[in-house]
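Here is what each chain is made of, one letter per residue.
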Amino acid sequence: METETTQEVPRRRRLLWLIVGAVAVVAVVTMGLTALLVNILERKEEAREPYTKVVELDDKTVDPAVWGQNFPIHYDMYKKTVDMKRTRYGGSEAMPRNPSDADPRSVVARSKLESDPRLVTMWAGYAFSKDYREKRGHAYMLEDQRDTKRVTEVKQPGTCLNCHASTYVLQKYQLGEGNLQAGFDKMNKMTYADATAKVQHPVGCIDCHDPKTMKLRITRPAFINAMRDLKASQGVKDYDVNTMATAQEMRSFVCGQCHTEYYFKGEGKTLTFPWKAGMKVEDELKYLEDEKFVDWTHKVTGTKMLKAQHPEFEMWANGIHSKAGVSCADCHMPYSRQGSAKVSDHQVRSPMLNVNKACQSCHKASEDEIKGRVETIQGRFIDAKNMTFDGMIQLVNDIADAQHNGTPGDRIETAQGFHRKASYLIDMVVSENSNGFHAPDYEMSLLNQAANYVRQGEMALAGKPLTTEGQPAPSAASSPSPSASPSSSR
């Protein structure tokens, strides 16, 4: 009996400790699950009220800093648009300069005219030949416009301010007395100096968000009108972008309010996007040709010219990402997790500076591989661009020589027509901010077409015959005889 008792005691102790351990484990797990459930409930409550209302926002709250009291995370990101960082083929490293009365900036972006003097010849006689720099972040959009020589040395209309300042309140309430379109029309007719004196901020929160619901919205009448015209050409009547666009479409449309080609229509200098026939460059060129619109007369050739500006939206619309349903914000303002909140990055920067969130959420490749792919596309584009630039410079010089050498006027006029078209196509791909990446195949095709226009201009100067479509007419030696039968092999 003593031997049995001695053996049973340790067993009972082990069993007791097992029971105690099991109870402890169950208690810990229960506490963990309880804490998890509490955390989930707290996060759900936070998600229901995604921000803490510190101040009341309304449709006249312009200052982003006021919005920032309710949305500090977004505002901190927005303030980082002052950062100046360069990728391999784009961006804007800070260039110190000595401030002056004419230009008080102590830091600017690199001059593209100094980097590539061919642009001065290509835009001879136009304001862009005076000053053209790398793009900087949204924080600089107003001061960089106010201080560029394109404004300080050339008289500009108030229309220019539409995309460089927070103009919604100015247009709708100060000028339009509640009517956005009326205020838009009034601002366009003002001088730039008078219009810019009425604004204080670059594009901010109120220009893209409804202050009550925070939903994205379009506040630029030019975009509203252009989308209505574009949809009408596609059979959709009375299209209202603010009520009929999807949430994903709006993540590109708010960018397209400004990052698009435009012209100043009529004596009222009405900001107009040339989309009535479509958003392909060929459609826009035809529209402007039909309108007989002229931006300026080329100082060297006398050609009536067109100038394109920042058509990122059109290039995106003709690119693979758009066709795949990827919005501008998906790449330039990708989502990140901040506590329970899913926040869109309001730093608004190149995806190459944020590859992990901007690219790798879709593309399962290393950061180096993704950057390599992008830089390969951009490098090929820049090579093609340089060859097209060289051809354009040659055509400009040859037209000028022809004018001095007594070349028949009809030849010069035909060459000028090709000069106008080639320059516009080149501008459309060079003035957009991706170096060929937004729509690689399409942008390369535009450069090829521009090179073809340059070639046809040279042929016109030489007096070589062209068909009614502007193509070289076949020579007698290369044209088959009407009676000739197709050749056969063997």
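Residues numbered from 1 in each chain as written. Predicted model: local features only at pLDDT ≥ 70, side-chain atom pairs only at ≥ 80, totals over all residues. Heavy atoms only, no water.

Participant: What am I meant to see in the overall build of the protein here?
Facilitator: Scanning the protein from N- to C-terminus turns up 21 helices and eight strands. Intrachain contacts of the protein at a sequence separation of at least 6 include 64% that bridge at least 24 residues. When the accessible surface of the protein is totalled, it reaches about 26,200 Å², and 54% of it is carbon and sulfur. (Helix = DSSP H or I, 4+ residues; strand = E, 2+ residues; numbered from the N terminus. Contact = heavy atoms within 4.5 Å. Areas by Shrake-Rupley, 256 points an atom, 1.4 Å probe, with all protein chains shown as cover.)

Participant: Honestly, the packing of aromatic side chains in this entry has me stumped. Any pointers?
Facilitator: Each pair of aromatic rings is reported with the distance of its centres and the angle of its planes. Tallying each qualifying case throughout the model produces 18 aromatic pairs. Relative to Trp-275, the ring of Phe-273 has its centre 5.2 Å away and its plane inclined at 40°; by these criteria the two rings are tilted. Like Trp-275, Phe-273 is buried. Put simply, the rings of Phe-223, Phe-253, Phe-273, Trp-275, Phe-313 and Trp-316 touch in pairs and so form one group of aromatic residues. One residue, Arg-136, lies across the ring of Tyr-140, its end atom 3.7 Å from the ring centre. (Phe/Tyr/Trp six-rings, centres within 6.5 Å; stacked < 30°, edge-to-face > 60°. Buried < 20%, exposed > 50% of the residue type's maximum accessible area, 1.4 Å probe, protein only. Lys NZ or Arg CZ within 6 Å of the ring centre and 35° of its normal.)

Participant: Sorry if this is basic, but what is going on with the environment of Leu-119 here?
Facilitator: Along the chain, Leu-119 turns up in helix 5 (residues 118–122). If we skip the residues at most four places from it in the chain, Leu-119 touches Lys-112, Leu-113, Tyr-132 and Phe-389.

Participant: For this particular structure, what's the right way to read the packing of helix 8 (residues 168–175) against helix 9 (residues 180–189)?
Facilitator: Helix packing geometry: the angle between the two helix axes and the distance between the axes. Running from amino to carboxyl end, helix 8 crosses helix 9 at an angle of 105°, the nearest separation of the two axes being 7 Å. Comparing their axes, helix 9 and helix 8 come out roughly perpendicular. Contacts between helix 8 and helix 9 pair Tyr-168, Leu-170, Gln-171, Lys-172 and Leu-175 from the former with Leu-180, Gly-183, Phe-184, Lys-186 and Met-187 from the latter. (Axes fitted to C-alpha atoms, helices over the stretch in contact; angles between N-to-C directions. Parallel < 35°, antiparallel > 145°, perpendicular 65-115°, else oblique.)

Participant: Whenever I open this one, the pattern of salt bridges confuses me. Can you help?
Facilitator: If the charged atoms of two oppositely charged side chains come close together, the side chains can form a pair. Overall, the coordinates contain 24 salt bridges when judged by the stated rule. Asp-116 is paired through a salt bridge with Arg-118; the nearest N and O atoms lie 2.9 Å apart. Ionic pairing is found between Arg-251 and Asp-330, a salt bridge with its closest N-O pair at 2.9 Å. Within this pair, whereas Arg-251 is found in helix 13 (residues 247–256), its partner Asp-330 is found in helix 17 (residues 328–332), the two being separated by 79 residues in sequence. By relative accessible area, Arg-251 is classed as buried at 9%. Members of the salt-bridge network, linked through shared partners, are Arg-97, Asp-103, Arg-105, Arg-136, Glu-143 and Asp-144. (Salt bridge = Lys/Arg side-chain N within 4 Å of Asp/Glu carboxyl O.)

Participant: I keep staring at helix 14 (residues 281–290) and nothing clicks. Help me out?
Facilitator: Residues spaced three or four apart along an α-helix point in a common direction, a consequence of the helix completing one turn every 3.6 residues. Here helix 14 has its buried residues at Val-281, Glu-284, Leu-285, Tyr-287 and Leu-288. Relative to the axis of helix 14, the buried residues are bounded by an arc of 160° and lie together on one face. Considering only its buried residues, helix 14 is in contact with strand 3 (263–265), strand 4 (270–272), helix 15 (312–317), helix 20 (409–430) and helix 21 (440–461). Phi turns positive, to about 55°, at Lys-292, one or two residues after helix 14. (Arc of directions from axis to C-beta.)

Participant: I would appreciate a short explanation of the environment of His-209 in the present structure.
Facilitator: By secondary structure assignment, the location of His-209 is in the loop between helix 10 (192–196) and helix 11 (221–233). As a C-alpha pair, His-209 and Val-254 span 45 residues in sequence and 9.2 Å in three-dimensional space. Other than its neighbours up to four places away in sequence, His-209 contacts Trp-67, Met-214, Lys-215, Leu-216, Arg-217 and His-346.

Participant: Which parts of the structure should I look at to understand the nonpolar core?
Facilitator: Note that soluble globular proteins tend to have their nonpolar side chains buried in a common cluster. Residues Met-122, Trp-123, Val-281, Tyr-424 and Leu-425 are the most contacted members of the largest nonpolar core, which totals 47 residues. For this core, the elements supplying multiple residues, two or more each, are helix 5, helix 14, helix 19 (367–404), helix 20 and helix 21. Excluding its chain neighbours within four sequence positions, the residues that come into contact with Val-281 are Met-315, Tyr-424, Leu-425, Met-428, Tyr-442 and Leu-446. Counting residues in each nonpolar core, the second largest holds 36 residues, with Val-199, Tyr-239, Tyr-262 and Trp-316 among its members. (Core = buried A, V, L, I, M, F, W, Y, C linked by side-chain atoms within 4.5 Å.)

Participant: Before we go on, may I ask you to explain unusual backbone geometry in this structure?
Facilitator: Peptide bonds are, in most cases, trans, and in most cases residues other than glycine have a negative phi. Here Lys-292, not a glycine, exhibits a phi torsion of approximately 55°, which is positive. Along the polypeptide, Lys-292 turns up in the loop between helix 14 and strand 5 (296–297). Here Lys-292 falls in the exposed class, since its relative accessible area comes to 69%.

Participant: Please explain the side chain of Arg-105 as it appears in this structure.
Facilitator: Along the polypeptide, Arg-105 turns up in the loop between strand 1 (95–96) and strand 2 (107–108). A distance of 2.9 Å separates a polar atom in the side chain of Arg-105 from a polar atom in the side chain of Asp-144. If we skip the residues at most four places from it in the chain, Arg-105 touches Arg-97, Asn-98, Pro-99, Arg-136, Glu-143, Asp-144, Asp-147 and Thr-148. (Polar contact = N/O pair within 3.5 Å; in protein donor to acceptor, adjacent residues only side chain to side chain.)

Participant: Please clarify how helix 11 should be interpreted in this entry.
Facilitator: Over its 13 residues, helix 11 runs 18 Å from end to end, which matches the ideal 18 Å to within 8%, given 1.5 Å per residue. Taken as a whole, helix 11 has its buried residues at Pro-221, Ala-222, Phe-223, Ile-224, Asn-225, Ala-226, Met-227, Leu-230 and Lys-231. At its buried positions, helix 11 is contacted by helix 8, helix 9, helix 12 (241–244), helix 13, strand 4 and helix 15. Trailing helix 11 by a residue or two, Gly-235 shows a phi angle of about 95°, which is positive. (Expected span 1.5 Å × (residues − 1).)

Participant: In this structure, what is going on with the confidence of the model for the protein? I would like to understand it.
Facilitator: Low-pLDDT stretches of the model should not have their predicted coordinates read in fine detail. In the predicted model, the protein carries a mean pLDDT of 90, and the fraction of residues at 70 or more is 90%. A low-confidence stretch, residues 474–490 (pLDDT under 50), is modelled with one contact involving residues beyond four sequence positions or located in other chains. (pLDDT = per-residue confidence, 0-100.)

Participant: So what exactly am I meant to see when it comes to the pairing of strand 8 (residues 341–344) here?
Facilitator: Regular strands have side chains that alternate between both faces of the sheet. Relative to strand 8, strand 7 (residues 335–338) is paired through four bridges, and the arrangement is antiparallel. Across the sheet, Gln-338 pairs through a bridge with Ala-341, a residue of strand 8. Remark: two residues form the turn of the hairpin made by strand 7 and strand 8, two consecutive strands paired antiparallel; Gly-339 in that turn has positive phi of roughly 65°. (Pairing = 2+ DSSP bridges.)

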